[in-house]
Amino acid sequence: KNEVEQSPQNLTAQEEEFITINCSYSVGISALHWLQQHPGGGIVSLFMLSSGKKKHGRLIATINIQEKHSSLHITASHPRDSAVYICAVRGADGLTFGKGTHLIIQP
Amino acid sequence: KAGVTQTPRYLIKTRGQQVTLSCSPISGHRSVSWYQQTPGQGLQFLFEYFSETQRNKGNFPGRFSGRQFSNSRSEMNVSTLELGDSALYLCASSWDGTGYTGELFFGEGSRLTVL
């Protein structure tokens, strides 16, 4: 059974700050997802990674398969980035989720 | 293109009853997966279907079941409801044209309250 650890659990930052959220997992995977959930809102898929790095706008996601570690970076953060960010890994037995990182960006 | 549609959005049941939730995936998507989200446990994987076959099942009791129809629509059923089944139930669809690695598109969820 895969164990997924996210850090930090909570993060409050000022607008324009560079944000990093980390995700570590214990067992080899075929893919890793980064998801975003706004309060009372649905879940949106930000990235799906199996290797390397992906960039979309101000968001960057990286994965190191050997280290079993992924990071989500937000550049020039904005209050609308305030949300819960969830890491999920796909293994042989389906998806396993991290507990999420509650991010608040203050103006 | 319409997104993932889940019905009903909200429902209230009493202990011992059963419930059926429905999920219509994005047109063309062949994989549907189901998740339970609670404040205490977070998101947990329930099951996953591809072309009417259950491909994976999470660690939930047999009271939780599901199926997928030939048009890719899926239903999940929870029998003999317990208070702890109160949760947001989410489904997601993906193309899965290249095996297991498919981007997930989530529905808005069905919020179940068990009294």
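Quick caveat: nothing in here was measured; it's all calculated off a predicted structure.

1. Let's talk about the packing of aromatic side chains
Taken as a whole and judged by the stated rule, the model has 5 aromatic pairs over all chains. Pairing Phe97 of chain A with Tyr35 of chain B gives two aromatic rings, centres 5.3 Å apart and planes at 90 degrees, and the pair type is edge-to-face. Of this pair, Phe97 of chain A sits in strand β10 (residues 94–97) while Tyr35 of chain B is found in strand β4 (residues 31–38), placing the two residues in two different chains. Per residue, the accessibility class of Phe97 of chain A equals that of Tyr35 of chain B, and both read buried. In this structure an aromatic cluster arises from ring pairing among Phe97 of chain A together with Tyr35, Phe45 and Phe106 of chain B.

2. A few points about the pattern of salt bridges
Residues and elements named next belong to chain B. Here the structure, examined in full by the defined rule, presents 7 salt bridges over all chains. Across the pair Glu48 and Arg55 runs a salt bridge, and its minimum N-O distance is 3.1 Å. The buried category is assigned to Glu48, whose relative accessible area is 1%. Relative accessible area serves as the criterion here: at 21%, Arg55 is assigned to the partly exposed category. When the shortest N-O distance is used, the salt bridge between Glu82 and Arg63 registers 3.6 Å. Note that Glu82 is positioned in the loop between β8 (74–78) and β9 (87–94) and Arg63 in the loop between β6 (53–57) and β7 (64–68), a separation of 19 residues in sequence.

Calculation criteria
- Residues numbered from 1 in each chain as written.
- Chains lettered and ligands numbered in written order.
- Predicted model: local features only at pLDDT ≥ 70, side-chain atom pairs only at ≥ 80, totals over all residues.
- Heavy atoms only, no water.
- Phe/Tyr/Trp six-rings, centres within 6.5 Å; stacked < 30°, edge-to-face > 60°.
- Helix = DSSP H or I, 4+ residues; strand = E, 2+ residues; numbered from the N terminus.
- Buried < 20%, exposed > 50% of the residue type's maximum accessible area, 1.4 Å probe, protein only.
- Salt bridge = Lys/Arg side-chain N within 4 Å of Asp/Glu carboxyl O.

No statement about biological role is implied by the geometric values presented.
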